[in-house]
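Now for the letters of each chain:
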Amino acid sequence: MSVDANLVHLNDLNWDEEVTKSSVPVLVDFSAVWCGPCKVLSPIIQKLSDELVGKVKVGKLDIDESPATSAKYGIRGVPTVMVFVAGERKSQHVGLTNRENLLKLLPE
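Residues numbered from 1 in each chain as written. Predicted model: local features only at pLDDT ≥ 70, side-chain atom pairs only at ≥ 80, totals over all residues. Heavy atoms only, no water.

**A word on the pairing of strand β2 (residues 26-31)**
Heads up, the condition is: Residue exposure (1.4 Å probe, protein chains only): buried if accessible area is under 20% of the type maximum, exposed if over 50%, otherwise partly exposed. Strands here mean DSSP runs of E at least two residues long; helices mean DSSP runs of H or I at least four residues long; both are numbered from the N terminus. Two strands qualify as a pair provided that DSSP identifies no fewer than 2 bridges between them.
Within β2, six of the six residues are buried, which leaves it mostly tucked inside the rest of the structure. Burial of β2 is two-sided: the residues Val26, Val28 and Phe30 facing one way and the residues Leu27, Asp29 and Ser31 facing the other way are all buried. Where β2 lies against strand β4 (residues 80-85), five bridges are found, and the strand directions are antiparallel. Bridging across to β4, Val26 finds its partner in Phe84.

**So, the environment of Cys35**
The condition that has to hold: What makes two residues a contact is simply this: any of their non-hydrogen atoms within 4.5 Å.
Within the element layout of this structure, Cys35 appears in the loop between β2 and α2 (36-51). Every residue in contact with Cys35, bar those within four places of it in the chain, is listed here: Val78 and Pro79.

**Things to note about the sheet that holds strand β3 (residues 57-62)**
Which entries qualify depends on this criterion: Only the stretch in contact is used when a helix axis is fitted, and all axes are lines through C-alpha atoms; the angle between N-to-C directions ranges over 0 to 180 degrees.
With mixed pairing, five strands are arranged side by side in an open sheet as β1-β3-β2-β4-β5. The sheet terminates laterally at β1 (7-10) and β5 (88-94), the two strands that pair on one side only. Ignoring which end each strand starts from, the neighbouring axes of this sheet average 25° apart. Relative to β3, β1 runs parallel, the two being bridged by four bridges. Paired with Leu10 across the strands is Leu61, a residue of β3.

**A short note on the state of the cysteines**
Our working rule: Cysteine sulfur pairs qualify as disulfides if the two atoms are within 2.5 Å.
According to the stated counting rule, one finds one disulfide in the structure shown. Residue pairing for Cys35: its cysteine sulfur links by disulfide to Cys38, the two sulfurs lying 2.3 Å apart. With the S-S bond torsion at 85°, the cross-link from Cys35 to Cys38 turns out right-handed. A single burial state applies to Cys35 and to Cys38, both of which are buried.

**A short note on the nonpolar core**
Selection rule: Nonpolar cores were defined as sets of buried Ala, Val, Leu, Ile, Met, Phe, Trp, Tyr and Cys residues, with membership established by side-chain atoms within 4.5 Å.
Counting residues in each nonpolar core, the largest one holds 17 residues, and the members touching the most others are Trp15, Val28 and Phe30. A per-element tally of this core places β2 first, with three residues. Non-local contacts of Phe30, meaning those with residues more than four positions away in its chain, are made with Trp15, Leu61, Ile63, Thr69, Tyr73, Ile75, Val78, Pro79, Thr80 and Met82. Leu7, Leu41, Val56 and Leu106 belong to the second-largest nonpolar core, a separate cluster that totals 13 residues.

**Digging into the packing of aromatic side chains**
Operational definition: Aromatic pairing here means that ring centres of Phe, Tyr or Trp (its six-membered ring) are within 6.5 Å. Orientation follows from the plane angle: under 30 degrees is stacked, over 60 is edge-to-face, and everything else is tilted.
Counted according to the given criterion, the structure contains five aromatic pairs. Ring plane angle 85° and centroid distance 5.3 Å describe the contact between Trp15 and Phe84, whose orientation is recorded as edge-to-face. Taken together, the residues span a long stretch of sequence, with Trp15 in helix α1 (residues 15-20) and Phe84 in strand β4 at a distance of 69 residues. In this structure Trp15 comes out as buried when scored by relative accessible area, which is 3%. Residue classification places Phe84 among the buried positions, given a relative accessible area of 1%. Measuring from centroid to centroid gives 6.5 Å for Phe30 and Tyr73, while their planes differ by 50°, and the two rings are tilted.

Next up, the structure:
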C-alpha cells in the first residue's frame with residue numbers, strides 16, 4: 001500500500017497506538033481492495049485526511065489484511081466508516097457515502 005502524507009494505514013498491529021490511544025478523533029475507513037464502492041470512496045477519504053490535519057486523524061484499514069480488528073468491530077459490509085473518540089466508537093456509516101455525510105459523523 002502507498003503511504004499518503006496525511007492518511008494513516010491502519011492494521012491489527014498499530015490499531016491501539018493509532019486509534020485507541022489517539023488524542024484526537026479518528027475517522028477509519030474499513031475497506032477492501034476488491035470492493036468497487038471502496039474505490040469510489042477512497043479519494044473522498046484522502047481529501048478529508050488533507051482537510052482535517054491537526055483536528056482529526058484519518059485512517060484506512062484493509063479488512064482482509066486485518067481480520068482481528070475487523071471482527072472486533074463486526075464489519076460485515078464495506079466500505080464501513082467509523083469515528084472513534086478516546087478509543088470509543090462514536091458513529092458509523094455502512095456503504096458508499098459523500099463528503100458531507102462523513103463530516104456529519106465527526107464530533108462537533
